[in-house]
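Here's the letter readout for the chains.
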Amino acid sequence: EPEVTQTPSHQVTQMGQEVILRCVPISNHLYFYWYRQILGQKVEFLVSFYNNEISEKSEIFDDQFSVERPDGSNFTLKIRSTKLEDSAMYFCAIRVGEQFFGPGTRLTVL
Amino acid sequence: SQQGEEDPQALSIQEGENATMNCSYKTSINNLQWYRQNSGRGLVHLILIRSNEREKHSGRLRVTLDTSKKSSSLLITASRAADTASYFCATDGDRDDKIIFGKGTRLHILP
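Below or above, wherever it landed, is the structure these notes cover.

How each quantity is defined
- Residues numbered from 1 in each chain as written.
- Chains lettered and ligands numbered in written order.
- Predicted model: local features only at pLDDT ≥ 70, side-chain atom pairs only at ≥ 80, totals over all residues.
- Heavy atoms only, no water.
- Pairing = 2+ DSSP bridges.
- Helix = DSSP H or I, 4+ residues; strand = E, 2+ residues; numbered from the N terminus.
- Axes fitted to C-alpha atoms, helices over the stretch in contact; angles between N-to-C directions.
- Buried < 20%, exposed > 50% of the residue type's maximum accessible area, 1.4 Å probe, protein only.
- Contact = heavy atoms within 4.5 Å.
- Buried area = accessible area lost by both parts, 1.4 Å probe.
- Salt bridge = Lys/Arg side-chain N within 4 Å of Asp/Glu carboxyl O.
- Polar contact = N/O pair within 3.5 Å; in protein donor to acceptor, adjacent residues only side chain to side chain.
- Nonpolar A, V, L, I, M, F, W, Y, C, P; charged D, E, K, R; others polar.

### Section: the sheet that holds strand S1 (residues 4-7) of chain A
Residue and element names in this part refer to chain A.
No. 1: The 4 strands lie next to each other as S1-S3-S8-S7, forming an open sheet whose pairing is antiparallel. Two strands close off the open sheet at either side, each with one partner strand: S1 and strand S7 (65-68). Going across the sheet, the axis of each strand differs from the next one's by a mean of 15°, ignoring polarity.
No. 2: Where S7 lies against strand S8 (residues 75-79), 4 bridges are found, and the strand directions are antiparallel.

### Overview of the pairing of strand S3 (residues 19-24) of chain B
Residues and elements named next belong to chain B.
No. 1: Only one face of S3 is buried, namely the one carrying Ala19, Met21 and Cys23, since none of Thr20, Asn22 and Ser24 on the opposite face is buried.
No. 2: For strand S1 (residues 5-7) and S3, the ladder comprises 3 bridges, and the chain directions are antiparallel. Looking at the pairing, Asp7 lines up with Asn22 of S3.
No. 3: Note: S3 against strand S8 (residues 71-76), 6 bridges, orientation antiparallel. Its bridge partner being in S8, Cys23 is matched across the sheet by Ser72.

### Concerning the interface of chain B and chain A
No. 1: Between chain B and chain A, the residue contacts involve 18 residues of the former and 19 residues of the latter.
No. 2: Of all residues in chain B, Leu43, Asp97 and Lys98 of chain B bury the most surface against chain A, accounting for 34% of the area lost on that side.
No. 3: Summed over the shared surface of chain B and chain A, the number is 1 salt bridge.
No. 4: For Lys98 of chain B, the salt bridge identified is with Glu56 of chain A, shortest N-O distance 2.6 Å.
No. 5: Where chain B touches chain A, the interface holds 4 residue pairs in polar contact (both at pLDDT 80 or more).
No. 6: Listed by contribution, the elements that provide at least two residues to the side of chain B that touches chain A are strand S4 (31-37), strand S5 (43-50) and strand S10 (99-101) of chain B.
No. 7: In the side of chain B that touches chain A, the residues fall into 6 nonpolar, 7 polar and 5 charged.

Structure below.
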């Protein structure tokens, strides 16, 4: 099973601050995804990224969000100006047939 | 949307019993997957069943898929305390590769 790590495991930030969440797949992959899960709710799709560009994004993924692969290995999700409602678990996933998820980053916006 | 919806929302059974969880979805799919999530933790992939498959086994897990009814079931046999978790079905469509999760079933195994 492909291994995916995410850093940090927990991020606490003040409302309005920028956060960058990182995803590091152990081996090279082409398909990346970000999902989020607000506490007690279901997992929601944010964005898919293929061949270094966004292939699909959800309504949640507004102008405050961006993704990139800055160095060809890390895959980052940036939230420019966090809001209270951005507090959630954020999961990175890669696709090798099925999708494999990282352990998640718990983002807490105060 | 092709949202998966699980039922029941919560299930409590005695250790050793079998647990069955169901999932329904709305549109055509390529694959249906089941994931487990322990409280506040990550998503663990359990099993994938393709749209042309009807049944699949993995250890104590048995998954069925009925595309005519747009439904799937996950059976965990001989349940253990460690099976206590939330279980989600997730579907991906025939035109895109994102997966859509249901709300999950919270399974609690009683000692």
